[in-house]
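# Coordinate analysis (summary)
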Amino acid sequence: MAPLEETLSSLTTTPSPWLIVDLRLVTYISSRGLKALVSAWRRARDTSGDVVLCSINPQVMGIFETVGFNQIFDIYPDQENAVKAVSLHQQANK
Amino acid sequence: MISLQFSIATFFIGLLLLILVATFLARKNYYRLNVPSRHSSIRTVIDHFARLAESSGWTKGEIYKCRLALDEACVNIINHAYAGNPDQRIEIVMDISPHAARFTLIDFGHAYDPDDVPAPTLDKQIDHVQPGGLGLYLMRKMMDEVSYTAGPNRNALVMFKHREK
């Protein structure tokens, strides 16, 4: 298993996980990375959690749009905005 | 006198041919690679492509798209045509000009019918698409033309992209 798949898999085994994936340093993504992200998103959603993304490089964003990730993931411009949004969601769900 | 005129004419025709060949070679970057069917080979392939494309004036965005298509094509060959066997070969021919790029990838493994591979959609669960389906989808999206010829002894994937305007 690749490091990204392994990390996301271990982080989404807990019940109701809320994950913010900061992609600031990601300059390239292929189908393997896309599958790892969507698998984590699905596992999190299955237990009322979520995976949100932030700080996406424009070229990586282009790939996300090509495969429709912008329709399923909540995407934020930076980590600060992502943390705020996730906190609001968690408070609303309490 | 006639012999002298003939020699001069031959010299100029030769010179003209030489200029034409030099001009052709200067504007085209052609490269043939033969790599083992291992994931570690993909970096070699992509590095070669990036060098050729940069020397032909391709932009980072264009290189990104071709890189992704090449990456997915190699992964599909390694994982599906060769079923993960690292001791097979992939032949790759790259033909890059300032106007377009053509990649030909040849493998000697299992063939498939690309028309039988459905495009992944979110409602069909992208993480459960047919193996290689997402890679093939990305190749088609990144390149202008993708064609696949399955043969009894070898399969050829050809990908073509015009420069973006």
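What comes next is a walk through the structure.

Conventions adopted
Residues numbered from 1 in each chain as written. Chains lettered and ligands numbered in written order. Predicted model: local features only at pLDDT ≥ 70, side-chain atom pairs only at ≥ 80, totals over all residues. Heavy atoms only, no water. Helix = DSSP H or I, 4+ residues; strand = E, 2+ residues; numbered from the N terminus. Buried < 20%, exposed > 50% of the residue type's maximum accessible area, 1.4 Å probe, protein only. Contact = heavy atoms within 4.5 Å. Salt bridge = Lys/Arg side-chain N within 4 Å of Asp/Glu carboxyl O. Pairing = 2+ DSSP bridges. Axes fitted to C-alpha atoms, helices over the stretch in contact; angles between N-to-C directions.

With the exception of glycine, most residues fall at negative phi, and the peptide bonds are largely trans. All names here are of chain A. Its identity is not glycine, yet Ser-48 carries a phi of approximately 65°, on the positive side. Turning to its location among the elements, Ser-48 is positioned in the loop between α2 (31–46) and β2 (50–54). Given the relative accessible area of 58%, Ser-48 is considered exposed. In this structure, Ser-55 is a non-glycine residue whose phi angle is positive, near 55°. In this fold, Ser-55 is placed in the loop between β2 and α3 (58–67).

This brings us to the environment of Leu-8 of chain A. For Leu-8 of chain A, the position within the fold is in helix α1 (residues 3–11). If we skip the residues at most four places from it in the chain, Leu-8 of chain A touches Leu-19, Val-21, Ala-36, Leu-37, Ala-40 and Arg-43 of chain A.

All names here are of chain A. The full count for this structure, using the stated rule, is 7 salt bridges over all chains. We note a salt bridge from Arg-45 to Asp-50, for which the minimum N-O separation is 3.2 Å. Residue Arg-45 is classed as partly exposed on the basis of its relative accessible area of 41%. Note that Glu-80 is salt-bridged to Lys-84, the shortest N-O span being 3.7 Å. Pair noted here: Glu-80 and Lys-84 are both in helix α5 (residues 79–93), with a separation of 4 residues, about one helical turn. Overall, the relative accessible area of 54% leaves Glu-80 in the exposed class. A relative accessible area of 48% means that Lys-84 is categorised as partly exposed.

Residue and element names in this part refer to chain A. Pairing in this open sheet of 3 strands is parallel, and the strands run β1-β2-β3 from one edge to the other. With one partner strand each, in any of the chains shown, β1 (18–22) and β3 (74–76) form the two edges of the open sheet. Taking the axes of each pair of neighbouring strands and ignoring which way they run, one obtains an average angle of 25° across the sheet. In the sheet, β2 pairs with β3 via 3 bridges, with the strands oriented parallel. Bridge assignment links Leu-53 to a residue of β3, and that residue is Ile-75. In the packing of α2 onto the sheet, contacts are made with β1 and β2, and the angle to β2 comes to roughly 140°.

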